[in-house]
Each structure stands twice: as structure tokens, then as C-alpha cells.
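Results of the structural survey
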Amino acid sequence: MSLPYETHEYDVLVIGAGGAGLRAAVEAAESGVKTGLVCKSLLGKAHTVMAEGGMAAALANVDTRDNWKVHFRDTMRGGKFLNNWRMAQIHAQEAPDRVRELENWGAVFDRTPDGKILQRNFGGHKYPRLAHVGDRTGLEMIRTLQDRTVEKKINVHMECTIYRLLKTDHAITGAVGYWRESGRPIVFRAKAVVLATGGIGRCFRVTSNSWEYTGDGHALAYLAGADLIDMEFMQFHPTGMVWPPSVRGILVTEGVRGEGGVLKNNKGERFMFKSIPDLYKADTADNEAEADRWLAGDKTARRVPELLTRDHVARCIVREVKEGRGSPHGGVFLDIASRRSADYIKKKLPSMYHQFKELGGIDITKEPMEVGPTAHYIMGGVRVDAETQMATIPGLFAAGEVAGGLHGANRLGGNSLSDLLVFGRRAGLGASSYAKGMKDIPQTDDGQVERIVKEMYEPFDRPSAENAFTVTSDLQTTMEANVGIARVQNELEKALQDIASLKERAKKVSVVGDCRYNPGWHQVLDLNNLLICAEALTMAALSRKESRGGHMRIDFPDSVGEEGKWNNVLRQGGEGQMVLEKQPLPEMPTELHALAHDEKAPQ
Amino acid sequence: MLRPQGMVTLSLGATDRKDAWWLSPLLFAIAFGGFSIYATWAAWQNEFYRFGPYLSPFYSPLLKPEWLPPWLSPAFLILGAPLGFRLTCYYYRKAYYRAFLLDPPGCAVGEGKPSGYRGERAFPFILQNLHRFFLALAILVWGILVKDTVEACIWDGQFGIGLGTLVMMVNVVLLGLYTFSCHSFRHLIGGKHDCWSCLTFGKQRHTLWRGVSWLNGRHMQFAWVSMIWVGLTDVYIRLCAMGLLQDSRLF
Amino acid sequence: MSTQKVTLRVYRGDAESGELQDYTVEVSEGMVVLDAVHQIQATQAPDLACRWNCKAGKCGSCSAEINGKPRLMCMTRMVDAIKTAEGGPILVKPMKTFPHIKDLVTDVSQNYRNNKKITPFRPAPKGPDGEWKIFQYEIDRAQEFRKCIECYLCQNVCHVLRDHHEFSFAGPRYMVRAAGLEMHPADQGDRIDQLKEELGIGYCNITKCCTEVCPEGIHITDNAIIPLKERVVDEHYDPITALFRKVFGKKAPPNPAP
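None of the values given here were measured: they were computed from a predicted structure.

Okay, the overall build of chain C next. The number of helices and strands found in chain C is 11 helices and 7 strands. Across its three principal axes, chain C shows a C-alpha extent of roughly 70 × 40 × 30 Å. A total of 258 residues make up chain C; the buried ones form 67% of that total. Sequence-distant contacts, at least 24 apart, represent 63% of the contacts inside chain C between residues at least 6 apart. As displayed, chain C has an accessible area near 8,700 Å², and 53% of this comes from carbon and sulfur atoms.

Shown next, in the form of C-alpha cells:
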């Protein structure tokens, strides 16, 4: 390398230090390859810390009827059968081992009365399945993995943003980024790169996601020529805070409902009883008495309707608000105060108690919360191989939220944390065995590096015109208005036009100040990623002319059997334009098909 | 060790805080200082520490060995135990490090003396580690005070209770709460264990530890009320002995 | 919704020089200090550097000193900040204890170096069914310490680090971490000598500022540091216990039998 840039060489470079990235890095390092980890924030601050409810794994500690087959079935049904069946199978089979392994690394889960890992109920999971630590499971997970990373002496490049991947015609060779602190470029040469960058929630105004969720990994993969899949499926979490305005969108964990909280409209009705989807009729109580019996632990009773899948609950809330039965600030009421004692609430939901007390001035042990949908999770992402997590470009891997396939059209709560562990590990393994198959660290193309570095600093040379924060805000406005929870053809088309004009404006965005820790500049670079993700999301949403899971079309309100047989795949075309292709779902083996469609839970 | 660069040492009392951060160390200094002055004076008096069956806690246990010079009050033989217990107490340490040594004067308030700090790693403060031995002495003294209180119910061989008996009863209760809410006690009673279910009677011992932890959460409050009350008990008995106050017999 | 105009006095500068600069922000209902900083970034100073992630008090990134008190910007409501400013502008400064980088961003790498000194979790062997039997009542203590979000406000306010620049002391955060490991029922590591020497627990004079600023409400001093100090006493200053331990072994049997 002749260029005057700081350069690092790794067998495996992991981008992102959330649950998936850390797990991948640990696995790669343990398998004996030289591993590096890059993250945009400080180590241990990744969005995983915000995961609250728990991680789904069929440990069968609380209900012995549980097993991987039921978990697989629940995941497929939750994803409206659009999931990659093999990923769903691997996920359900391996999750229990990953949870136990995490415990072995020092995670301290809540316990059952007989001293095992406690599991809680969650939406769409037939049995109590979520291993958890109060309502801060994500923090426990990230801290445990962080400690493991330190123990394995993995090199961590903190506050370092990757701007572009490096590749030859056929494979990945590394990445180029910058140190946030100094603004200086940094070049990585690597045999394999694992993307673990999380989601794209910052496309929306009301979101539970942190600033990091700008779709970096989606954009990096897309620009490198990889396929994206299922991008129309954005999950709107049914319960985000709605008041006061400055905290709108902050997550209220599903654990509140798992612990017995109920949703009510302004008439005091538990409106979730009003419409129970056919797919879940056999599993769901249709009256309050039965629901209460289930909550009290009666195994013959059916589940409370508040714990239907997130897509459905979010739609019901939107309906109530639209029809004038909402709460004063445009949400509905989530009430746990009247269902559980103050001590119980404080013990099991401490962060929720704290969050409402500090930010909203509300005591959730005394009064109901006001909640409404918030952009939460992108089911779609980089298209990967189920076994190795390799993307459609050799040497590029993806795990966690940035990867697509596992969750289909809708993710079940709790399946994300287990996804991070199961597929983080598999991506680490996949990348490491791919790297072991190569002799030398690949050479990077100096010209390519120079071009990328030049492009990265180009915004400093632009005449003062647009402000990155304003353009981002305009993007969020149009996405919220036109590609939100309820979609319709003409609005989606409007959004595409808006995105096209925002792209033009983004080219004129300028930067004030120098390159040292300059959020204005960082925003310019992140904005481009957001625009790519927004376009992918909107194009895919236009193409799917039905309602399914997280994708709801007002003009096509039903799920159409035929539409459930293919995935939307997006990639960059020859002229740099985004192209969309419909691809048939991989064929599911008959016994798994039977399992997934089984009305009763498999034994 | 690489030391972070560019740090500034703020002068004593320098802070951006606008609240009255100096108030609580000041109150402590006044109250603790006042008590110390009174206690020293009272210990020097060498009289008026008995009234009827009452014995001032400052003078208990009443030891009068022959070698004790007449000018020295017997209080000095035993004051070391409660004094040492309080001086090495984790709560008092916090309070007097802040109020008297200004180390620190308040949170996020400048100290103005960056170098030479050794904390509790060197003499004299390394001696704070002996807290548990003072705890043992304090428990002993507390037992004697309980005995004194029982004796304060016996008036010339007859059972009886005076206002002074009640004062002494409250005194041993408060001192007991302070003594048994001690951090060292909490450690020794079970805090040192990690795997309770590995122990015999682990669950019960954990419950005990939980109880002591509950008390421990109120250690500061107990420290204050017990200190004030022990002084008042001495004042009460002293005034009675001096004839300035009429003790009333309740029955 | 009524809005109010308020002055925020923010520290701007780098390691070499800096100054306080005033910005006017519009305060709306429920707004926190971090919102005000974002408003300044979006409308007045796009290059104003500050760290933040979750804006919900869960990641511990946006630590700063607001009106002289170490706080998370995302958990400090503007109405409260206006109150503590007592009529003046709201003062927002970076954490003082750490080397300054730019504006509200400081170099907290010292903390990550400290962390590496602590012996990691050493799991006891598992029972025949491949599980530990650990009961909730045994882990309540460790779980309190594991609530830590690593905001470093305790490190910032600790006078040993802040005023004496004594970095032989690992700081409250790492006392909490060590306590979480030491008090884990299935941990077999021994960190007592380490606490005494490398982590410098003796520097702590339990003045409790760390506990006062902890946004997670962890009882750092009472539940972590003091019990650890007592354990150090067990091994190093208490001949009776030390003798007892020599005879009966240091730790309880690792694998809960029942």
C-alpha cells in the first residue's frame, strides 16, 4: 500500500459492535483468525442496549411443552410465511444453546423459582419463551459480549465510521472509513467483512431507533453490488411513547403486555378483543375472563389478545385512533397500574417506570401510559445464505438486523436478540472459514481508495447551500407521511418523487467547520445511506400489492395467497439505478411446511 | 501509566453548581463539633453521672481501677470504644472527609490540592480497615448498656420505671439500630457470601442479611439520632443528679 | 403548545482552547437538554460536537455537566435545567475529568483501559444437567451492578480522579464491575488482591458522590465499594478471618448442589 493513510489488515473485519457484531467477532477470534471490530459509537453503546423484553429460545424452563418446532412454527406464522425457512429452522434450533452460552459468559438472567433461566410471555410466542433480565435484556447481552470481546483481546476501532467497502470485480477486499474524532481516513484490508450495522429507523420521524440507525450496512452492501431482500417490511412497534412530543417514539417494551398490561381506548374498552386474525383464533382468548385465567397461569386457557403479533396490534391502535377512540395525544392507553402491584411493576419493569417518571412525569404504577406505533425494525436487509450468512458477494457477510430473511414479513418480539446471537455466531464462523480458505490478505486498489477518500471529503468543498439536518428532516417527514404504517399507491409514488428530489438536494449539502468531530459532516455522509434505504423501502412497498405483516396497503387490504410466494429483491443496476426483481421463495421441505401450518402446536 | 492531558485543577470551592452544596457539610461540622465538645466536657466532669438506678452512657461500664488517678474521669477508660466505632464508621468517614478535610468539600466542587492524596491506603486512614474490631467493642458496650437499662428498672430492689428509664430504653434501641446497621456487620453476617444456596440454612441467612441490609440503608439516620439521643440521655441524668430536673416515676 | 426562549451557554472548543458560547433555543413541552443541543446543531452550529445514541437514558453516551452537575443530557428536562440555572443561562459543559476532545466530547479511553485490568468472569463447572441452579434471591445483588450503562458520570465526579488525577484508582465504575463479578454465585475468579493493588480500592474514601450522580440509581458506595473493602479487609487486615480462610478455603463450593 503506497497511500499515506492509516491502514489495518485483518482476516475478518466486523463492522458494527451491537449484539451481532460482537458475537461474530468473538466467534471469528475464537476460531483463530485475526479479527478487527469497527463501530460508529463507543464500545457498548450500540442500539442493542435498548432491547428490553428478552431473547426468544425454546428452553422450556417455564412451560415444558415448548420445543424448537413450536418456536419455528411461531416464527413462520409471525412472518406470514415469507421467512427463509432454513434460517427460521436454524434460529429455533440453536437459540437455546446461544442463551446458555451467554449465561456461561457471565450474563445474569432472571430466574425461575427452581433456579433456572426465567422466560416470559411475548407477542406471537405460544409459550413463555423470552429469557430476560427485567426490561434491560439488551444491556445485559451487550455487556456480556463486550466483556467477552475484551477477554479475547479483539482489536476495537471505536468511533470509526465505514464509508465504503472495497472490492475487486468478484470479491470483497476491505473497507474505507474515517475516525469520527480526527476526521482522518482509515483503510482496512481484509479477507472477509461482516456487516452488523443494524437497521434504518432514522428514515422515519417517529422511531425508537438511535442516531446510528442510518442503514449504513444496507447501503454499503447495496453500493458494493449485493442484493437486498424484503425491504418493504418495516416493523412499527405498537407501543412507543406519544407524549411529551420530544420523546415521541421512545420504546415501551412489549414486556409491559407480557407482564399483564392491557390496551384500552378512551372508552375504557380492551379493543384487542374486537378483531382476532383467523391465523391466531385457535390460540387467542376472545373474552376477558379467559384472558385473565391465562395470565394467572391456567394452561388450558388461550392467550391474551394484547400479545398478538406486533403488526396486528399496531394496526388495531391505528384503527382506534382513526375512529376517534384514541387518547388525548393521539395514542391509546396501556394500563398495567390496575393489573399489577406497584412493587411488581418496579421489579419487572424498572426502566419503564424510570423512563415515564423522568421523561413524561407519569407514574406507571398509578396511571396508564399513552402509547402509539413507532418505527422499530426493518425485517428486510442484505440477502444472505442461511448457513454461512454470506451475501451475494463473496467475502461479504451480514448478521442481525442488517441481514434479511429470518423474520419474513413481521418479526416476533424477542426473536431479534436470539437472531443476533445465532446468526452473529454463524457469520463469524462463515467469515472465518472463508478467510481461512485464502492465503494472503487481498491487495486493495489504490485508485479505488483514492477515489473514495476524495469523495468522502468532497462536501467540504461545496458552496454553502443546503443543511444536512434540514434535508434529513424533510426525508423523515415524507417517509412518515407517505411510507408509514398504512400505505397507498399514490402516496408511495409521491414519496419516490420526493426521494429523487432529496437526492439532488443531498448533493448540494455543505459542511461548516473542519473535519474533527463534526456532526454536520457525519450527517451528510449518513444521509446518503438513508436515501438509499428509503428508496429501497418505497420501491419494494410499491411493488407488493397486498397487505402482509409489517406492510399494510390501504388499497390492497388483504393478504393474497399468490403474493406470499415471492420476495422482493433489490440491487444496483448497470447505470447506478435501483432495480427490483421478484424472486420465488425457496422451497420448504414438506415436514416443515406441515409444522409451520399446524393449527395446534407440535409436540 | 499514561495520564490524561489537559486537566485543570480547580481551586478550593470552585464550582459551577448554584445550589447550597456547602450546607450539609456545614451542618455536620456544627452538629458533630458541638457533640464532641459536649461529650469531652461531660467526660471531664467526673460527677453527676448517676441518679438512682440510672447510669450515664458516657460512664458505662463504670470502671474504677485503683491505679486510676483521681483527676482522670473513668469515662476515658471506655470512651475509646464508641468513639473508635464512630470514627471508623463508613457513614462518619464520608461526612468528616467532606466537612473537615474538604476531600472533597462537595460533589463536583474543587479541592485545590491535587497531589499527595493517599486515601485510605496509607497511615493514618489505613486504620479505617479496623472498623470491624471497633464493631466488636461497640457490641460489647451496647450489651452493657442493655444491662444498665435493665438495672434502671430496679429501684431499691423494687421494679419501677421512671422517665429516665424510658430515656435509657430509647437510647439502647437507637444505639442498637446504629450498631447493627453497620456495614461491617452486614458483611460479616453474610454479605461475604456469593452462593447462598451453597450454604447450610442459606435462605434463612440471606433473609437475615436482607434485614440487616434494610437497616444499613438507614445507617446515616441511625447514626444521627443515636448520637443526639446518647447526648440527651447524659444531659437528662446529669440534670437529675444535679437536682435541676425532677425525674418522674411512672410506676 | 406554548414555547419559551431560553439561553443555553455551551462550551465550545478543543484540547487547546475553548470558550462559552450562548445560543437561544425554543423550549417546548417535555423537552430535554439533549433536544436543545440538537436544535442548536440543526439551526445554528452544525459542527457542535456531542455524543448521544439512544436518547432514552439507556446507553449512557450523552454525559455532560449541566449547571455544574454531572448528568445525562437526555434525562435532564429543560424545565428542571431552567430551575437549577437560577435565572441565568443553562450552562452545558463537557465532563471535566477526562481529556477534552471537542465541544462536549471528551476522551474516555482511560475507562476502557481500566476495564481490561479486571479478571473476567470465571464460570464454575455446570451441574450434570448442564445447568446452574441459581436462585433469584442470590443474584439480586449482581443484577443491581449490571444495570450500569457506563455513562462514566461516577468516574467524572469521583474526586480521586477529578481533583487528584490519581489514575491508579480504577474508579467507581470498575468497583461496580468487579463487584458484579465477585458477587456472582457461579463465579470462581478472585479479584481481591487485584482490587487492593491494581484497582486501588484504598484510594476511595467513600464520600459517595458517585452514588449521588448515578442515573441508574445503583448504590455504588454502599452495595459495591464498601462490601468489596470489607472483603479486602478479610484477606489483608483481619488476621482472624484470614486464619479462618486459610483453614476452610477461600470461597464457598462453586457448584450449587441441590
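We are not done yet, so read on.
Sorting the 2 pairs of chains in contact by contact count puts chains B and C at the top. Of all C-alpha pairs spanning chain A and chain B, none lies closer than 10 Å, and the two are not in contact.

Now for helix 7 (residues 288-295) of chain A. All names here are of chain A. Inspection of helix 7 places E290, A291 and W294 among the buried residues, and these make up the whole buried set. Summarising the axial view, the buried residues of helix 7 lie within an arc of 100°, below the 170-degree limit, and thus occupy one face. Two to three positions downstream of the cap, the backbone nitrogen of A289 sits 3.2 Å from a side-chain oxygen, assigning the N-cap of helix 7 to N287. Downstream of helix 7 by a residue or two, G297 has a phi angle that is positive, lying close to 105°.

Before going further, it helps to spend a moment on the interface of chain C and chain B. Each partner contributes residues to the interface: chain C has 64 residues there, and chain B has 55 residues. When chain C packs against chain B, the two sides together hide about 5,300 Å² of surface, and 53% of this comes from carbon and sulfur. Of all residues in chain C, Y137, H164 and E230 of chain C give up the largest surface area on contact with chain B, accounting jointly for 13% of the area buried on that side. Counting every contact that joins chain C to chain B gives 8 salt bridges. For the salt bridge of R98 of chain B with E212 of chain C, the shortest nitrogen-to-oxygen distance reads 3.0 Å. Taken together, chain C and chain B are joined by 34 residue pairs in polar contact (both at pLDDT 80 or more). Among the elements of the structure, strand 4 (69-72), strand 5 (90-93), helix 3 (109-116), helix 4 (136-145), helix 6 (159-162), helix 9 (209-213), helix 10 (220-236) and helix 11 (239-248) of chain C are those that each provide at least two residues to the side of chain C that touches chain B. Of the residues forming the side of chain C that touches chain B, the biggest block, 9 residues, is contributed by helix 10 of chain C. When the residues that make up the side of chain C that touches chain B are grouped by side-chain class, the tally is 24 nonpolar, 16 polar and 24 charged.

Turning to the pattern of salt bridges, a few remarks are in order. When the charged atoms of two side chains lie near each other, side chains of opposite charge can form a pair. Residues and elements named next belong to chain A. What the rule picks out here adds up to 97 salt bridges over all chains. The partner of E288 in a salt bridge is R270, and the shortest N-O contact between them spans 3.9 Å. One end of the pair, E288, is in helix 7; the other, R270, is in the loop between strand 12 (262-264) and helix 7, with 18 residues separating them in the sequence. Given the relative accessible area of 42%, E288 is considered partly exposed. One connected set of salt bridges, linked through shared partners, spans R23, E27, R86, E94, R98, E101, E387, R425 and R426.

What follows is about the interface of chain A and chain C. Each partner contributes to the interface: chain A provides 62 residues, whereas chain C provides 58 residues. Note on chain A versus chain C: buried area summed over both sides is about 5,100 Å², and carbon and sulfur give 52% of it. In this structure, the connection of chain A to chain C is made through 10 salt bridges. For K58 of chain C, the salt bridge goes to E52 of chain A, with nearest N and O atoms at 3.0 Å. Applying the counting rule to chain A against chain C returns 39 residue pairs in polar contact (both at pLDDT 80 or more). Counting only elements with at least two residues in the side of chain A that touches chain C, the list comes to helix 3 (85-104), helix 4 (137-151), helix 10 (350-360) and helix 15 (519-543) of chain A.

So, about the sheet that holds strand 17 (residues 403-404) of chain A. Residues and elements named next belong to chain A. With respect to topology, 5 strands assemble into an open sheet ordered 17-15-10-18-19, the strand pairing being mixed. Across the chains shown, the open sheet's two edge strands, defined by having one partner strand only, are strand 17 and strand 19 (578-584). Pairing analysis gives 2 bridges linking strand 10 (residues 228-229) to strand 18 (residues 566-572), with the strands arranged antiparallel. Bridging across to strand 18, I229 finds its partner in V569.

Take the state of the cysteines next. Summed over all chains, the structure comprises 2 disulfides over all chains. Bridging C107 of chain B to C209 of chain C, the disulfide has an S-S length of 2.1 Å. Taking the sign of the S-S torsion, -90° for the link of C107 of chain B and C209 of chain C, the bridge is left-handed. Here the residue C107 of chain B occupies a position in the loop between helix 4 (90-99) and helix 5 (131-151), and C209 of chain C occupies one in helix 9, the pair thus bridging two chains. What pairs with C195 of chain B in a disulfide is C198 of chain B, and their sulfur atoms sit 1.9 Å apart. On the sign convention where negative is left-handed, the bridge of C195 of chain B and C198 of chain B, at about 70° about the S-S bond, is right-handed. We classify C195 of chain B as buried; its relative accessible area is 4%. Here C59 of chain C is not cross-linked by a disulfide; its sulfur's nearest cysteine counterpart is in C54 of chain C, at 3.8 Å.

Together, W22, L23, L26, L27 and I30 of chain B make up an exposed nonpolar region whose accessible area comes to about 510 Å². Topologically, L27 of chain B is positioned in helix 1 (residues 23-45).

This part takes up the pairing of strand 3 (residues 63-66) of chain C. Residue and element names in this part refer to chain C. The side-chain alternation of strand 3 yields two buried faces, one formed by S63 and E65 and the other by A64 and I66. The pairing of strand 3 with strand 4 spans 4 bridges and is antiparallel. Pairing of E65 across the sheet is with P70, part of strand 4. In sequence, strand 3 turns back onto strand 4 through a hairpin of 2 residues, with N67 there showing a positive phi of about 50°. Pairing geometry for strand 3 and strand 5, over 2 bridges, is antiparallel.

A separate point is the side chain of S208 of chain A. Its location among the elements puts S208 of chain A in the loop between strand 9 (185-195) and helix 5 (216-223). Contacts of S208 of chain A, omitting those with residues within four sequence positions, involve H47, M50, G249, L251, T374, A375 and H376 of chain A.

With that settled, consider helix 4 of chain A. All names here are of chain A. With 15 residues, helix 4 extends 21 Å from end C-alpha to end C-alpha; this agrees with the ideal 21 Å at 1.5 Å per step. The buried count for helix 4 comes to 13 of 15 residues, which makes it a mostly enclosed element. After helix 4 finishes, the residue K153 shows a positive phi value of roughly 55°.

Before going further, it helps to examine the domain arrangement of chain C. All names here are of chain C. Looking at chain C, the domain boundaries give domain 1 (4-106) and domain 2 (109-248). The gap between the C-alpha centroids of domain 1 and domain 2 is 31 Å. On the domain 2 side, the residues contacting the 14 residues of domain 1 number 16 residues. A buried area of about 1,100 Å², summed over both sides, lies between domain 1 and domain 2, and 59% of it is on carbon and sulfur atoms. Sorting the residues of domain 1 by area buried against domain 2 places P70, T97 and F98 first, and these three jointly supply 46% of that buried surface. At the junction of domain 1 and domain 2, the tally comes to 1 salt bridge. Put simply, R162 and E65 hold a salt bridge, and the shortest N to O gap is 2.8 Å. Scanning the region where domain 1 abuts domain 2 turns up 6 residue pairs in polar contact (both at pLDDT 80 or more). The set of elements that each furnish at least two residues to the side of domain 1 that touches domain 2 consists of strand 3 and strand 4.

A separate point is the sheet that holds strand 13 (residues 332-335) of chain A. All names here are of chain A. In spatial order, the strands read 11-14-13-12; together these 4 strands make up an open sheet with antiparallel pairing. The open sheet has two edge strands, strand 11 (234-241) and strand 12, and neither has a second partner. For this sheet, the mean inter-axis angle between neighbouring strands, taken without regard to orientation, is 45°. Of the pairings in the sheet, the one linking strand 12 to strand 13 comprises 3 bridges and is antiparallel in character. Bridge assignment links V262 to a residue of strand 13, and that residue is D335.

Another aspect to go through is unusual backbone geometry. A cis amide bond links W243 of chain A with the next residue in sequence, P244 of chain A, at an omega value of -5°. By the element assignment, P244 of chain A lies in the loop between strand 11 and helix 6 (255-258). In this structure, P104 of chain B follows D103 of chain B across a cis peptide bond, with omega equal to 5°. In this fold, P104 of chain B is placed in the loop between helix 4 and helix 5.

Thresholds applied
Residues numbered from 1 in each chain as written. Chains lettered and ligands numbered in written order. Predicted model: local features only at pLDDT ≥ 70, side-chain atom pairs only at ≥ 80, totals over all residues. Heavy atoms only, no water. Helix = DSSP H or I, 4+ residues; strand = E, 2+ residues; numbered from the N terminus. Buried < 20%, exposed > 50% of the residue type's maximum accessible area, 1.4 Å probe, protein only. Contact = heavy atoms within 4.5 Å. Areas by Shrake-Rupley, 256 points an atom, 1.4 Å probe, with all protein chains shown as cover. Arc of directions from axis to C-beta. Polar contact = N/O pair within 3.5 Å; in protein donor to acceptor, adjacent residues only side chain to side chain. Buried area = accessible area lost by both parts, 1.4 Å probe. Salt bridge = Lys/Arg side-chain N within 4 Å of Asp/Glu carboxyl O. Nonpolar A, V, L, I, M, F, W, Y, C, P; charged D, E, K, R; others polar. Pairing = 2+ DSSP bridges. Disulfide = S-S within 2.5 Å. Patch = residues over 30% accessible without salt bridge, like charges linked within 9 Å, V, L, I, M, F, W, Y side chains within 5 Å. Expected span 1.5 Å × (residues − 1). Domains from an automatic or database assignment. Axes fitted to C-alpha atoms, helices over the stretch in contact; angles between N-to-C directions.

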